[in-house]
Amino acid sequence: MLDIKWIRENKHAFVEAMEKRGLYPKPFEWEHFDAERRDLIQKIEKGKSMRKQLTKHIAQARNRQDLEEEERLSERVKKIKIALRDWEERKDAAIEILQRRLNSFPNLPLSDVPDGEDENDNVEQPRDDGMVPKKPVFDFNPLDHTDIGEGLGMMDFAIAAKLSGARFVVLRGALARLERALASFMLDIHTQEFGYQEIVPPLLVREDCMYGTTQLPKFADDQFSTQAGLWLIPTAEVSLTNLAREHIFAEKELPMRFTAATPCFRKEAGAAGRDTRGMIRQHQFSKVELVSIVRPEDSADELERMLGCAEEVLRRLNLHYRVMLLCGGDMGFAAEKTYDIEVWLPSENKYREISSCSSCGDFQARRMKARYRRKDDGKIELVHTLNGSGVALGRALLALLEQNQCADGSVVIPKVLRPYMNGMTRIEKEGSYERNELAAMRLFQGVCSHIRASYRRLKRRVS
């Protein structure tokens, strides 16, 4: 939420920022309600002061036994009470309307955010050639992740549709294990190398938590809720960022960095007809989330740091990607600056978002009342919040399938994941690897049992 005082004092800058977002608000449409609210507050304060003075005068008139003066003053108090009730009702109505207006305003883009209306105006960020893994080259026509997964017998959309409807998937065997391996790998990096604290947060949260991270009220239609009044998290950002809500931290406690691997739930209400095939856009998906709570002067550097943490995951997985700085018209509602990491999908011959790292300034903190006390002067200020994917597990999995696919339909497992996959180096069609391995193991066990039994018989004969 924006600071109404700042908007009031910087009306022209506010309109320019909204225009950078691609929004063109009616000139100062909120101003009438703000002025009315302040005027009514002044009237209420003066009315209460007058009522207090008149009450004293009534007591003095009663002591003098001046009944006529007492009655006259009492009538004035009654009229003031009636006026106060009216002013209070009008003030509350003005505040409610003003609050709705403020809730509808997105965060203000930073000065280095490029102008533009949509994804076509985003700006690719330069990277050293040796920093980003090379784009894979195939001597066959690469399949998409759906055909690969179904060909392996480990990705089932049909049974998922029977269970839950469209935009769900059932992963089996090695692919299910691969998603779990990805989560463990990412959490290990973020906690052991990058200083994030692992959290296991609630997946159901209260409405004020969704409001605090700006999912509500604007995006209510895209969320799942329960009859008990709780909301399923669309991202662990909601739970992790709200760890700071309604709290005043000591400056020495900052920065705080949290990470979590959780299921996430979204209706994808605005994506009807888009990406209906495969795992690109689902109602339920898993993600490793990164959240930072920092001092205002540290947020710019923290965003670059967070981006680097997410990039390192893809580098170690040897996945080709690019980084885009989003233009004003393509940023999320709460963001003041956003980098998207887009991973290469050979089947589509294009890049797809796999991580979005955003600085939100004090936009969320104002809603959550998340603050800290400066060490030098004791002044209390709002913290700055940042969030990013570190990264989306489903999209990492499908990118691995597509970039590491082989002509025979098998998939090579990146070296960094093999310790999490019990040494497995390749995922082959269901049964061709695991079943053969199991059969070989059982044959070996049978041979051993036969040798032991023969040895026991021979030993009995000798004895």
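Overview of the structure. (Residues numbered from 1 in each chain as written. Predicted model: local features only at pLDDT ≥ 70, side-chain atom pairs only at ≥ 80, totals over all residues. Heavy atoms only, no water.)

1. Some details on the side chain of Arg 21
Logical step 1: Position of Arg 21 among the secondary structure elements: in the loop between helix H2 (11-20) and helix H3 (31-63).
Logical step 2: A polar contact of 3.2 Å, which involves the side chain of Arg 21, links it to the backbone oxygen of Met 331.
Logical step 3: Polar side-chain contacts of Arg 21 include one of 2.9 Å to the backbone oxygen of Gly 332.
Logical step 4: Discounting residues that sit within four places of it in the chain, Arg 21 has contacts with Pro 106, Asn 107, Pro 109, Gly 328, Gly 329, Met 331, Gly 332, Phe 333 and Ala 335. (Helix = DSSP H or I, 4+ residues; strand = E, 2+ residues; numbered from the N terminus. Polar contact = N/O pair within 3.5 Å; in protein donor to acceptor, adjacent residues only side chain to side chain. Contact = heavy atoms within 4.5 Å.)

2. Points about the pairing of strand E15 (residues 384-392)
The side chains of a regular strand alternate between the sheet's two faces.
Logical step 1: Within E15, nine of the nine residues are buried, which leaves it mostly tucked inside the rest of the structure.
Logical step 2: Note that strand E9 (residues 284-294) and E15 share seven bridges and pair antiparallel. Each bridged residue has a counterpart across the sheet, and for Val 291 the counterpart in E15 is Asn 387.
Logical step 3: Sheet topology places strand E12 (residues 350-359) next to E15; three bridges connect them, and they run antiparallel. Following the sheet pairing, Ser 359 is matched in E15 by Leu 386. (Buried < 20%, exposed > 50% of the residue type's maximum accessible area, 1.4 Å probe, protein only. Pairing = 2+ DSSP bridges.)

3. As for the sheet that holds strand E4 (residues 197-198)
Logical step 1: Read across the sheet, eight strands follow the order E1-E10-E11-E12-E15-E9-E8-E4 without closing on themselves; strand pairing throughout is mixed. Across the chains shown, the open sheet's two edge strands, defined by having one partner strand only, are strand E1 (123-124) and E4.
Logical step 2: Note: strand E10 (residues 321-325) against strand E11 (residues 337-345), five bridges, orientation antiparallel. When the bridges of E11 are listed, Tyr 321 appears paired with Val 343.
Logical step 3: Along the sheet face, helix H10 (residues 299-316) touches strand E8 (256-265), E9, E10, E11, E12 and E15 and points at about 5 degrees away from the line of E15. (Axes fitted to C-alpha atoms, helices over the stretch in contact; angles between N-to-C directions.)

4. Side note on a negative patch on the surface
Logical step 1: A surface patch of negative charge is lined by Asp 115, Glu 117, Asp 118, Glu 119 and Asp 121.
Logical step 2: Note that Glu 119 resides in the loop between helix H4 (67-104) and E1. (Patch = residues over 30% accessible without salt bridge, like charges linked within 9 Å, V, L, I, M, F, W, Y side chains within 5 Å. Areas by Shrake-Rupley, 256 points an atom, 1.4 Å probe, with all protein chains shown as cover. Salt bridge = Lys/Arg side-chain N within 4 Å of Asp/Glu carboxyl O. Lys, Arg positive; Asp, Glu negative; His and termini not counted. Charge placed at Lys NZ, Arg CZ, Asp CG, Glu CD.)

5. Re the pattern of salt bridges
Logical step 1: All told, the structure shown has 37 salt bridges when counted by the stated rule.
Logical step 2: Here Lys 287 makes a salt bridge to Glu 289, at a shortest N to O gap of 2.4 Å. Residues Lys 287 and Glu 289 agree in their burial class; the two are buried.
Logical step 3: The network of salt bridges with shared partners includes Glu 251, Arg 295, Glu 297, Asp 298, Arg 374, Lys 379 and Glu 381.

6. Considering the nonpolar core
Logical step 1: Grouped together as the largest cluster of nonpolar side chains are 56 residues, with contacts concentrated most on Leu 178, Leu 182, Met 186, Ile 341, Val 391, Leu 417 and Ile 427.
Logical step 2: The dominant element in this core, judged by the number of residues it contributes, is helix H7 (residues 173-192), at ten residues.
Logical step 3: For Leu 417, the residues in contact, after removing those within four places along its chain, are Leu 178, Ala 181, Leu 182, Phe 185, Leu 317 and Leu 400.
Logical step 4: One finds Val 15, Trp 30, Leu 98 and Ala 334 within the second-largest nonpolar core, a separate group that totals 18 residues. (Core = buried A, V, L, I, M, F, W, Y, C linked by side-chain atoms within 4.5 Å.)

7. Details of the environment of Asn 122
Logical step 1: Within the secondary structure, Asn 122 sits in the loop between H4 and E1.
Logical step 2: Polar contacts involving the side chain of Asn 122 include one to the main-chain amide nitrogen of Cys 327, which spans 2.8 Å.

8. A word on the sheet that holds strand E14 (residues 380-382)
Logical step 1: Read across the open sheet, the three strands follow the order E7-E13-E14; overall the sheet is mixed. A strand with exactly one partner marks an edge of an open sheet, and here the two such strands are strand E7 (247-250) and E14. Direction aside, the axes of adjacent strands within the sheet are offset by 35 degrees on average.
Logical step 2: Relative to strand E13 (residues 370-373), E7 runs parallel, the two being bridged by four bridges. Along E13, the bridge assignment pairs Phe 249 with Tyr 372.

9. Looking at the layout of surface pockets
Logical step 1: Put simply, the second largest pocket is a space of about 160 Å³.
Logical step 2: Forming the walls of the second largest pocket are 14 residues, and the residues nearest its centre are Arg 127, Asp 128, Asp 129, Val 132 and His 320.
Logical step 3: Element by element, the count of residues in the lining of the second largest pocket is highest for E10, at three residues.
Logical step 4: Considered class by class, the residues forming the lining of the second largest pocket number six nonpolar, two polar and six charged. (1 Å grid on protein atoms, 1.4 Å probe; cavity = no way out; pocket = protein on both sides within 12 Å on 5 of 7 lines; lining within 4 Å. Points joined across faces, edges and corners; volume = space filled by probe spheres on them. Nonpolar A, V, L, I, M, F, W, Y, C, P; charged D, E, K, R; others polar.)

10. Quick word on the side chain of Glu 237
Logical step 1: Relative to the assigned elements, Glu 237 resides in helix H9 (residues 237-241).
Logical step 2: In this structure Glu 237 is buried but unpaired, with Lys 287 as the nearest side chain of opposite charge at 6.3 Å.
Logical step 3: Among the polar contacts listed, one links the side chain of Glu 237 to the side chain of Gln 364, at a separation of 2.8 Å.
Logical step 4: Contact partners of Glu 237, with chain neighbours within four places excluded, come to Thr 213, Gln 215, Asn 242, Glu 289, Val 291, Gln 364 and Asn 387.

11. Comments concerning the packing of H7 against H10
Logical step 1: At their nearest, the axes of H7 and H10 sit 11 Å apart, and the two run at 135 degrees to each other. Between H7 and H10, the interaxial angle falls into the category oblique. Crossing handedness for the pair H7 and H10: right-handed. Where H7 approaches H10, its residues Phe 185, Met 186, Ile 189 and His 190 are matched on the opposing element by Cys 309, Val 313 and Arg 316. (Parallel < 35°, antiparallel > 145°, perpendicular 65-115°, else oblique. Left-handed = near helix turned anticlockwise from the far one by under 90°.)

12. A word on unusual backbone geometry
Logical step 1: Cis rather than trans, the peptide bond between Leu 254 and Pro 255 has omega equal to 0 degrees.
Logical step 2: Along the polypeptide, Pro 255 turns up in the loop between E7 and E8.
Logical step 3: Here Thr 214, not a glycine, exhibits a phi torsion of approximately 75 degrees, which is positive.
Logical step 4: Looking at the secondary structure, you find Thr 214 in the loop between helix H8 (207-212) and strand E6 (231-232).
Logical step 5: Unlike most non-glycine residues, Glu 246 shows phi in positive territory, near 50 degrees.
Logical step 6: With respect to the helices, strands and loops of the structure, Glu 246 is situated in the loop between H9 and E7.

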